[in-house]
Amino acid sequence: MCKLCWTSLTAAILVIAFVGYKIMYPTAITPSADGRMAIELTAGERDLVLTEMRDFLISVQTITEAVTTEDMAMAAKAARKVGTAAQGAVPLSLVSKLPNEFKKLGFDTHQQFDQIGLDAEQLGDGSQALKQLSTIMRNCISCHAGYKLVAVPEK
Ligand code: HEC
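Residues numbered from 1 in each chain as written. Predicted model: local features only at pLDDT ≥ 70, side-chain atom pairs only at ≥ 80, totals over all residues. Heavy atoms only, no water.

A. Main features of helix α5 (residues 100-123). Between its terminal C-alpha atoms α5 stretches 34 Å, which fits the 34 Å expected from 24 residues at 1.5 Å a residue. Looking at α5, one finds that the buried residues are Phe102, Leu105, Thr109, His110, Phe113, Ile116, Gly117, Asp119 and Ala120. Those residues of α5 that are buried lie in contact with β2 (37-41), α2 (43-68), α3 (72-81), α6 (126-146) and β3 (147-151). Positive phi shows up at Gly124, right after α5, with a value of about 60°. (Helix = DSSP H or I, 4+ residues; strand = E, 2+ residues; numbered from the N terminus. Expected span 1.5 Å × (residues − 1). Buried < 20%, exposed > 50% of the residue type's maximum accessible area, 1.4 Å probe, protein only. Contact = heavy atoms within 4.5 Å.)

This is how it looks when you write it as C-alpha cells:
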C-alpha cells in the first residue's frame, strides 16, 4: 500500500470539501479593531438588515409612547410589525451568511415582539409591555456589542 498516496488523497478530499463548503456557505466573519466580529454582506444585503433595524427602533418608540397614552392596541400593532412575520422578507442567500448566534438572537427578538403583541392585546397591561420591552432590549445590546456589518463587493 502506498502510504503517501493515501495521505495525498485524504488531503485532496479535505481541500475539495473545504472549498465546496466555502462556495455553498460563503460566510465571511472577521474580527475587527473595535472588538466586534464583522459580518461581510453585499451593500444591498447590509441595507436590508439596517432597514430592519430601523424598524425595530420605530417599534420600540411606538410601544413606549403607546404605553404612556394607554393605547395598548397601538402597542400590539407596533410589536407585530417587527414580529416573526417580518422575517419573511429576508432572502436565504443573506440568511446563510449570518453566524448562528446572530440568527438565534435575531429570531428570538422577532418572537419576543410577537409575544408583546399578543399580551398587549389580551392583557392590556402597559407595565407588562415595558417589562417585556426591557428584556428584548438586552438582545439589541448583546447583538450590537458582538457584531457589525461591512459591505463588500459581490463575489
Ligand atoms: C441579531 C443581531 C441584532 C439584534 C438582535 C439587533 N440588532 Fe440592531 N444592528 C445589528 C447590527 C450588526 C447593526 C449594524 C452595526 C454596525 O455595522 O456598526 C445594527 C444596527 C442597528 C441600527 C442602526 C441602523 C442604521 O441605519 O444604521 C439601529 C437603529 C438598530 N440596530 C436598532 C436595533 C434595536 C432597537 C434592536 C432591538 C429591538 C436591535 N437593533 C436588535 C444587529 C442586531
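B. Inspection of the packing of α2 against α6 at higher detail. Close contact between α2 and α6 brings their axes to 10 Å; oriented N to C, the two are set at 155°. With respect to each other, α2 and α6 are oriented roughly antiparallel. α2 and α6 meet at a crossing whose hand is left-handed. For the pair formed by α2 and α6, the contact residues are Met53, Val60, Ile63, Thr64 and Val67 on the first element and Gly126, Ala129, Leu130, Leu133, Met137 and His144 on the second. (Axes fitted to C-alpha atoms, helices over the stretch in contact; angles between N-to-C directions. Parallel < 35°, antiparallel > 145°, perpendicular 65-115°, else oblique. Left-handed = near helix turned anticlockwise from the far one by under 90°.)

C. Expanded view of the coordination of the iron atom of the ligand. Looking at the iron atom of the ligand, the protein donor atoms are Met53 (SD) and His144 (NE2), and they sit 2.0 to 2.2 Å from it. For the iron atom of the ligand, the six donor atoms in the first shell make angles of 86 to 179° at the metal, so the coordination geometry reads as octahedral. With Met53 in helix α2 and His144 in helix α6, the pair connects residues that are 91 residues apart, well separated along the chain. Judged by relative accessible area, His144 falls into the partly exposed class, the value being 46%. (Donors = N, O, S within 2.8 Å, 3.2 Å for Na, K, Ca; no water. Tetrahedral: all angles 85-135°; square planar, octahedral: opposite > 155°, others 65-115°.)

D. Local environment of the pattern of salt bridges. Under the counting rule described, the total for this entry stands at five salt bridges. Linking Arg36 and Asp34 is a salt bridge whose minimum nitrogen-to-oxygen distance equals 3.1 Å. Judged by relative accessible area, which is 43%, Asp34 ranks as partly exposed. One network of salt bridges, in which partners are shared, links Asp34, Arg36 and Lys148. (Salt bridge = Lys/Arg side-chain N within 4 Å of Asp/Glu carboxyl O.)

E. Looking closely at the sheet that holds strand β1 (residues 29-31). Strand order in the open sheet made by the three strands is β1-β2-β3, with mixed pairing throughout. The sheet terminates laterally at β1 and β3, the two strands that pair on one side only. Between one strand and the next, the sheet's axes are offset by a mean angle of 35°, whatever the strand orientation. Of the pairings in the sheet, the one linking β1 to β2 comprises three bridges and is antiparallel in character. If you follow Thr30 over to β2, its bridge partner there is Ala38. Across the face of the sheet, α2 comes into contact with β2 and β3 while running at roughly 140° to β3. (Pairing = 2+ DSSP bridges.)

F. Representation of α3 within the structure. Where α3 is concerned, the buried positions are Met72, Ala75, Ala76, Ala78 and Ala79. Around the axis of α3, the buried residues are gathered within 165° of arc, so they sit on the same side. Among the exposed residues of α3, those pointing more than 90 degrees away from its buried face are Ala73, Lys77 and Lys81. Next to the buried residues of α3 lie α2, α5 and α6. (Arc of directions from axis to C-beta.)

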